[in-house]
Amino acid sequence: MRLWSLVYIIVCLKLNKIMKSFVIKNLPRFQLTLRSSFLYTNYRPSSRFSVSTRLFTTGATYIRRGKATAEQTHKRAAVNSNDVIRIRNKKNRGLVVSLNDTVSNILATEADSVTDVIIVGAGVSGAALAHTLGKARRRVHVIERDLSEQDRIVGELLQPGGYLKLIELGLEDCVKKIDAQRVLGYVLFKDGKHTKLSYPLETFDSDVAGRSFHNGRFVQRMREKAATLSNVRLEQGTVTSLLEENGTIKGVQYRTKEGNELRSFASLTIVCDGCFSNLRRILCKPKVDRPSTFVGLVLENCELPFANHGHVVLADPSPILMYPISSSEVRCLVDVPGQKVTPIANGEMAKYLKTRVAPQVPTEVREAFITAVEKGNIRTMPNRSMPADPIPTPGALLLGDAFNMRHPLTGGGMTVALADIVVLRDLLKPIRNLNDKEALSKYIESFYTLRKPVASTINTLADALYKVFLASSDEARMEMREACFDYLSLGGVCSSGPVALLSGLNPRPLSLVLHFFAVAIYAVGRLMLQFPSIKSFWLAARIISSATSIIFPIIKAEGVRQMFFPRTIAAIYRTPPSQ
């Protein structure tokens, strides 16, 4: 018995020594956990602690928080970025835990009741949405990375359908006093021939037309108009993460221009921070394609062959787009296929533009084009295409280019964004209180279907038309390209129909598909009018195959059921949450 007692004592002493060394070794970690638990929750220090989980490597972060007291919620202070420990692993891709041990030094917060909607980004989508929700008496907090006037080479052409949405939102005066130019249609150039395609505006007021302008001036006008509303607050800052609790987005964490880390909470967070969004991976399944890059120039004191029209040159290897952006400037965008672009710094790009592109632009603007190249102000912008594939998340929503992109050849991005804002405004109109995030999320799921007529028509047309307009070594593709130009040159419904689709005036996906395959059948018919042969039959089959391979993947990505059978989707019949 004494022997067993001695063994028992030795084992206990050994275990005590091991536990003591373990506790001492890990004491900072335990203290960190306890502090975190006290700072972010009302519970006793147990197993709960505050962390933020970096889900992806893009910088987007979820931050989980406990329910804060009213005193904690109103504390306003800053936390230094050096007081954060980031622990990376394969599962979480990083944990963030505050080391501060006083409540006064926690990230500054705002009371949940102060803000109804947080808008991340104040570009075209964010500024227009802020004004729209502000007019609906929502308390809006807009956080934009840079509130100075931006200088972009895209987002400068607003289609007539987009202008109608601008009128519907009460923002039509934002295209005034910025030297915006009226756009009445397009002119296509190919192999020395041209065809004029006018917008079908006969049934609209005389003011309705497309508009082209400097993007920065247009955005600043919308920001200024939104800021005139007392319940809209614009703030310069960079949103670094979304705050999440039990699967619901509660707000955002952001860094001010002074470098302070702050938090803001609201019933609904809408992310519309553009094509380079770091937050989209949390709220959607991004499948971004980068088919080409735009090389941008400004042609000064230059008159286009056809006033008040966009000019599209079906060049080799890809289209060239020109349109006025002021009374004395013309934007020229040269599409370069692929993801690799010729370097600008060493002069290779300038050489490419002068030797390969300049001979293909209309003679009336060739001299101005070469002058602009020699001046050296050459800029590039990668073109992106991304179908909308949302992850419905209570308390949050994606909008604009952060949510959905298409090739900018047809200038449809702003039209889609403004149409989405109109749909969202109408959905939120009957809801006074946005606090029931679960019910609101289920109700807003109808947004993803109701937006489809406009969005899917413009998206599909833009991506399909770009592929048709590309030069190719494939004979079937080249026949399709030639047939498209000739089909549009026929006039009547053959030109007004496709232009109505492109302009957003007739957002009907079925009409788009019919016109697209009419071009393919027209190409086949021209082959059959000649003496039929086995070769021509084989080429005709390849043309049909090529047409289907272009448009069907785009339709599949957009969603066949949502595009053509939206009434079969139960979400559109949901009623607003009871107040």
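You'll find the structure just up there.
Our subject in this report is the structure included herewith. Everything numeric here is computed off the predicted structure, so don't read it as measured data.

1. Looking at the overall build of the protein
Of the regular secondary structure elements, the protein holds 17 helices and 21 strands. Burial status across the protein gives 52% buried among its 579 residues. Contacts spanning at least 24 positions in sequence make up 73% of the contacts within the protein whose residues lie at least 6 apart. Element-wise, carbon and sulfur atoms account for 55% of the exposed surface of the protein, whose accessible area totals about 27,200 Å².

2. Concerning the pattern of salt bridges
If you walk through the whole model with that rule in mind, you get 27 salt bridges. Ionic pairing is found between Lys-165 and Glu-168, a salt bridge with its closest N-O pair at 3.9 Å. In this pair, Lys-165 and Glu-168 are both assigned in helix 4 (residues 160-168), three residues apart and thus about one turn of the helix distant. The exposure class assigned to Lys-165 is partly exposed, which follows from its relative accessible area of 22%. A salt bridge links Lys-190 to Glu-482; the nearest nitrogen and oxygen atoms lie 2.5 Å apart.

3. Notes on the sheet that holds strand 19 (residues 329-337)
Reading across from one edge, 10-9-17-18-19-16-20 is the order of the seven strands in this open sheet, with mixed pairing throughout. With one partner strand each, in any of the chains shown, strand 10 (193-198) and strand 20 (379-385) form the two edges of the open sheet. Pairwise comparison of adjacent strand axes, ignoring direction, gives a mean angle of 20° for this sheet. Where strand 18 (residues 320-324) and strand 19 come together, five bridges link them in antiparallel fashion. Note that in strand 19 the partner of Met-322 across the bridge is Cys-332. In the packing of helix 7 (residues 348-357) onto the sheet, contacts are made with strand 16 (289-300), strand 18 and strand 19, and the angle to strand 16 comes to roughly 80°.

4. Looking at the packing of helix 15 (residues 509-529) against helix 16 (residues 534-558)
At a minimum axis distance of 9 Å, the contact between helix 15 and helix 16 shows a crossing angle of 170°. With respect to their mutual orientation, helix 15 and helix 16 come out roughly antiparallel. Between helix 15, through Val-513, Phe-516, Phe-517, Ala-520, Ala-523, Val-524, Leu-527 and Met-528, and helix 16, the contact on the second element is made entirely by Ser-536, Phe-537, Leu-539, Ala-540, Ile-543, Ile-544, Ala-547, Thr-548, Ile-550, Ile-551, Phe-552 and Ile-555. Here the residues of the contact of helix 15 with helix 16 are counted per class, giving 18 nonpolar, two polar and no charged.

5. Quick look at the packing of aromatic side chains
This model, assessed by the stated rule, comprises eight aromatic pairs. Relative to Tyr-448, the ring of Phe-403 has its centre 5.8 Å away and its plane inclined at 55°; by these criteria the two rings are tilted. Of this pair, Phe-403 sits in the loop between strand 21 (396-398) and helix 9 (413-428) while Tyr-448 sits in helix 11 (residues 447-450), placing them 45 residues apart in sequence. Each of the two residues, Phe-403 as well as Tyr-448, counts as buried. Relative to Phe-552, the ring of Phe-517 lies with its centre 5.9 Å away and its plane at 50°, an arrangement referred to as tilted. Of this pair, Phe-517 sits in helix 15 while Phe-552 is found in helix 16, placing the two residues 35 residues apart along the sequence. Look at Phe-517 and you get buried, because its relative accessible area is 18%. Judged by relative accessible area, which is 45%, Phe-552 ranks as partly exposed. A network of ring pairs unites the aromatic residues Phe-403, Phe-447 and Tyr-448 as a single cluster.

Criteria and cut-off values
Residues numbered from 1 in each chain as written. Predicted model: local features only at pLDDT ≥ 70, side-chain atom pairs only at ≥ 80, totals over all residues. Heavy atoms only, no water. Helix = DSSP H or I, 4+ residues; strand = E, 2+ residues; numbered from the N terminus. Buried < 20%, exposed > 50% of the residue type's maximum accessible area, 1.4 Å probe, protein only. Contact = heavy atoms within 4.5 Å. Areas by Shrake-Rupley, 256 points an atom, 1.4 Å probe, with all protein chains shown as cover. Salt bridge = Lys/Arg side-chain N within 4 Å of Asp/Glu carboxyl O. Pairing = 2+ DSSP bridges. Axes fitted to C-alpha atoms, helices over the stretch in contact; angles between N-to-C directions. Parallel < 35°, antiparallel > 145°, perpendicular 65-115°, else oblique. Nonpolar A, V, L, I, M, F, W, Y, C, P; charged D, E, K, R; others polar. Phe/Tyr/Trp six-rings, centres within 6.5 Å; stacked < 30°, edge-to-face > 60°.

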